[in-house]
Every structure is written in structure tokens, then in C-alpha cells.
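As a plain string of letters, each chain reads:
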Amino acid sequence: MELDYDALLSLSAELGFRLMESGAEIYRVEESIRRLLQAYGVDTGEVFAIPNLVIVSLTDPTGHPVTRVRRIPPHGTDIYLLEKYNALCRDLCREAPPFADAQSRLADIRAGWQTYACPARYLAYFAATAAFAVFFGGTARDALCGGLCGVSIGLCLDFMTRWDANQFFKTVAGGMVSALLALFLTFLGLGEHADRIIIGALMALVPGIAFTNAMRDIMAGDLVSGITKLGEALLIGAAIAIGTSLAMGLARLLGGAL
Amino acid sequence: MDVLCDFVLPCACAFVGCLGFSVLFNIRGGGIWICAFGGMLGWLCYLLAVPLGSDIAQSFAAAVAVSLYAEIMARIRRCPVTAYLLVALFPLVPGGGIYYSMEHAMNGETAQFLHTLLHTLGLAGALAVGVLTVASLVRLWMSVRKKLPRRR
């Protein structure tokens, strides 16, 4: 049977796009596409990926090169999708099914995508930040305040994501809102240690993911991507500091005026 | 202080915290518990590594432990390593360092600001080196294992 090179190219570019969008490392995206091409018997394929771009190129038997470029929009990390696409890629490489079949299986994963309901996510924000407030030495009342600040961060991030704010601005706003709330709750006497509440709440913003991903990319030899993500991590760290210091400066001004 | 305050409480907090974050990254099913346990394990290693003398060395030891755990779990469940690593490293992220350096900067205490900032970067670096060490060794081991039978 004649191999449809255009369909293979579309399939592999789509898989790479989906993998990257759910937060896969660079080497995973490149290796998945390479293996997929090999599974269909194409040895002339080339793949290149950086955090917001995937390029797949191959040469058909007549010597005619074909290329596809996919631009990846800003995305978060979704482990559920990542695991599904990774498993699908493994299956496709083993079975090499017809392209229509493979495409429909890709679409099925997207259709069966589940996220946690909104209340569960805010509960998770609450539990995580409350736990970290205690973790950094806070008391039970600090935990309650930390949880409330965490929920405020969650609300702030969701609200700004809806209006397409960029990552830097979102982090500044999240840090500022949570620090203001923490200072206010401490002022009211509900919280005991403002610093521990803020640190606990900030754990919802810290660039742990960007940092870990940067390290894994650098280790895999993808220096361009690694340094990009490291820069992202440093920027987020700076944004957290700017957001909280804005809030504290404001609180001091108000404190002086009162 | 006793075992309860020194070990059980922080580890339980790390567990609950990681549980929350694994929901935020949309981890489903049994993976949640694996991540939360990883976070707790990391912090337990950090606490047990106190004899190493500095918190940077402790961070390094804990990062190595968490990475090993994540690699093993990923092999067992045939899932990407990142899934477990991202969440389980959370308790080790120096969130306090970022905050206190910012506070010193706000108060105009330059010397203390620089001291805290460098310390925070040191902690982050220790984390990175720990993750890198394990990941590189695992890669080495995988490629050795792949190539040896072929030579025979």
C-alpha cells in the first residue's frame, strides 16, 4: 500500500502539538514524533521543537520534501492529557494503524478530557496553601488565613486567564491580592504571622514547574528550551516579589495614614 | 521537641499540600496519592539529612530521593516522569527565601537582601543538581542496559 505522507505528517505534527500543549518536555515531543515516523517506515524525518513551536519535515520517495510547522499557544500543565497522549503514542508506534483511525483516537482523548470541577479546584487551592502555611511554621489560624489567600490567588488567576493576561502580569496580580488579603486578615486579628501566611499562599505561584522543566530540558541537551524556561522561572520569581512588595508598600502607606 | 512536632506535622502538611497541587495539575486516580507521598518522602529525607550540616546539602539529598522515587514510579506505572516529579518537589521549593529577600529589599537592608537572595539561589541550585544527577544516571543506566545484550 502506498503511504500517505501528507497524512503521516499531519498526524505526527498534531501529536507533537498536543503533547507540548499538555506540558511535555522537549525531548519527549521530539522522540515521540521520531518514533512515530519510524513506526510507519519513514527514516527521512526531522523534528525540531522549542517551547512554542514544533517543526516536522520529511522527504517522500520521489525526493519531494514536505514540512509542517505548528505554533503552540501559551499553555499550562495537564498531567491527565500528558499521560493519555503518551500512552497513545506508544500504542500508535506499536500498532501503526491507518491514519483515520489514529486521528480519531487522538480526537477521542480530547473529547474525553476531564478536569476537576470548580469547587474541587478551589478546595485544592485552599488545602494546599493552608498546609504550606503550617508547613512554614504557622498556627491553625494562620492555616485558615493561608487557605483564604490561596483561594483568592485561584480566583485572581482564573479571572485574568479569562481576559488573556500574560503570565508575568497574572503573577504580579496574584501575589499582590494574596499579600493584601493576608495583611488585612492579620490586621483584623484572625491571622497571627503575616509572613507565614503569605509564604504559604505564594506556593500556589512559585515557578516550581518552570524551574523543574528547565532543568530536565537542559539535562536532555535542549539548551535553547532550557534557558528559555529558566528565564521564565526567574521572571515569575521576580513577579512574585514585585506583587508582594507592592502590597506591603501599600499597606505601609495606609498604616501611616491611619 | 518531640517526634510529633518535628517530623509528623511537617510531613503531614507536605502530604496535604502536594495533594492539593496534584489536583491543580489535573492528576487523576491513583497518581494523586503517589505524588502526595513523594512530597512527604522528600521532606522526610530533608529532615533526616540534618546531620549533613547545611540546608543546601539537605535540599540536595531530598531532591535526589524525590527524583529516584519519581523515576521508579514512572517505570512501574509506565507514565512520564514529570508527572510525579513536578508535584513532589513542591515542599523543597524555597518559597520562604523569595519572600524574605523581598522583605529585606523593601526595608533597604541591602546586605541581608543579598545574603538571603544568594542563599535562595543556592537552594534552587541544590534542587536542580539533585534532579540532574539522578536523571543523568538513569539515562546512562538505560542506554547501558539497552546496548549490552546486543554485544553478546
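It should be emphasised that the depicted structure is a prediction, and the values quoted were computed from it without experimental measurement.

Asker: Looking at this structure, how should I read the overall build of chain B?
Answerer: Scanning chain B from terminus to terminus reveals six helices and zero strands. In sequence order, chain B lays out its α and β elements as α-α-α-α-α-α. Residue burial in chain B is summarised as follows: out of 152 residues, 49% are buried. A separation of at least 24 residues holds for 63% of the contacts in chain B among residues at least 6 apart in sequence. Here chain B has roughly 7,400 Å² of accessible surface; of this, 71% comes from carbon and sulfur atoms. Once the 11 positive and 6 negative side-chain charges of chain B are each reduced to a mean point, those two points are 36 Å apart.

Asker: I tried to follow helix 4 (residues 99-111) of chain A on my own but got confused; where do I start?
Answerer: Note that an α-helix has 3.6 residues per turn; residues three or four places apart therefore point the same way. Residue and element names in this part refer to chain A. Under the 1.5 Å per step criterion, the end-to-end length of helix 4 is 18 Å for 13 residues, consistent within 8% with the ideal 18 Å. Within helix 4 the residues assigned to the buried category are Phe99, Ala102, Leu106 and Ile109. Buried residues in helix 4, looked at end-on, bunch into an arc of 85 degrees, giving them a common side. Facing away from the buried side of helix 4 by over 90 degrees, the exposed positions are Ala100, Asp108 and Ala111.

Asker: Would you mind showing me how to read the packing of helix 1 (residues 3-24) of chain B against helix 2 (residues 31-48) of chain B here?
Answerer: A pair of packed helices can be characterised by two numbers: the angle between their axes and the separation between those axes. Residues and elements named next belong to chain B. Put simply, helix 1 and helix 2 touch, their axes get as near as 8 Å, and they point 145 degrees apart. Classified by chirality, the crossing of helix 2 by helix 1 is right-handed. Taking contact as the criterion, the partners of Asp6, Phe7, Pro10, Cys11, Ala14, Phe15, Cys18, Leu19, Ser22 and Val23 in helix 1 are, on helix 2, Ile32, Trp33, Cys35, Ala36, Phe37, Gly39, Met40, Trp43, Leu44, Leu47 and Leu48. Split by residue class, the contact of helix 1 with helix 2 holds 18 nonpolar, two polar and one charged.

Asker: Hey, could you run me through the packing of helix 8 (residues 194-202) of chain A against helix 5 (residues 95-106) of chain B in this one?
Answerer: Remark: helix 8 of chain A packs on helix 5 of chain B, axes separated minimally by 9 Å, with the N-to-C direction vectors making an angle of 130 degrees. Judged by the inter-axis angle, helix 8 of chain A sits oblique to helix 5 of chain B. Crossing of helix 8 of chain A against helix 5 of chain B: the hand is right-handed. Contact residues: Asp195, Ile198, Ile199 and Leu202 of chain A in helix 8 of chain A; Gly95, Gly96, Tyr99 and Tyr100 of chain B in helix 5 of chain B. Partitioning the contact of helix 8 of chain A with helix 5 of chain B into residue classes produces five nonpolar, two polar and one charged.

Asker: Quick question: what am I supposed to make of the nonpolar core here?
Answerer: Across soluble globular proteins, nonpolar side chains have a tendency to be buried as a group. Phe21 and Tyr84 of chain B are the most contacted members of the largest nonpolar core, which totals 110 residues. Three or more residues apiece are contributed to this core by two domains, here domain 1 (5-111) and domain 2 (118-257) of chain A. The residues contacting phenylalanine 21 of chain B, other than those within four sequence positions of it, are Ala128, Phe132, Met203 and Ala204 of chain A together with Val87 and Phe90 of chain B. Phe211 and Ala233 of chain A together with Ala124 and Ala128 of chain B belong to the second largest nonpolar core, which has six residues in total.

Asker: Explain unusual backbone geometry to me, please; I cannot follow it from the model alone.
Answerer: Across the chain, the bulk of peptide bonds are trans and the bulk of non-glycine residues have phi less than zero. One non-glycine residue, aspartate 164 of chain A, adopts positive backbone phi at about 60 degrees. Here aspartate 164 of chain A shows up in the loop between helix 6 (140-162) and helix 7 (167-188). The exposed category is assigned to aspartate 164 of chain A, whose relative accessible area is 69%. Positive phi, close to 55 degrees, is recorded for arginine 78 of chain B, a residue that is not glycine. Along the chain, arginine 78 of chain B falls in the loop between helix 3 (55-77) and helix 4 (81-88).

Thresholds applied
Residues numbered from 1 in each chain as written. Chains lettered and ligands numbered in written order. Predicted model: local features only at pLDDT ≥ 70, side-chain atom pairs only at ≥ 80, totals over all residues. Heavy atoms only, no water. Helix = DSSP H or I, 4+ residues; strand = E, 2+ residues; numbered from the N terminus. Buried < 20%, exposed > 50% of the residue type's maximum accessible area, 1.4 Å probe, protein only. Contact = heavy atoms within 4.5 Å. Areas by Shrake-Rupley, 256 points an atom, 1.4 Å probe, with all protein chains shown as cover. Lys, Arg positive; Asp, Glu negative; His and termini not counted. Charge placed at Lys NZ, Arg CZ, Asp CG, Glu CD. Expected span 1.5 Å × (residues − 1). Arc of directions from axis to C-beta. Axes fitted to C-alpha atoms, helices over the stretch in contact; angles between N-to-C directions. Left-handed = near helix turned anticlockwise from the far one by under 90°. Nonpolar A, V, L, I, M, F, W, Y, C, P; charged D, E, K, R; others polar. Parallel < 35°, antiparallel > 145°, perpendicular 65-115°, else oblique. Core = buried A, V, L, I, M, F, W, Y, C linked by side-chain atoms within 4.5 Å. Domains from an automatic or database assignment.

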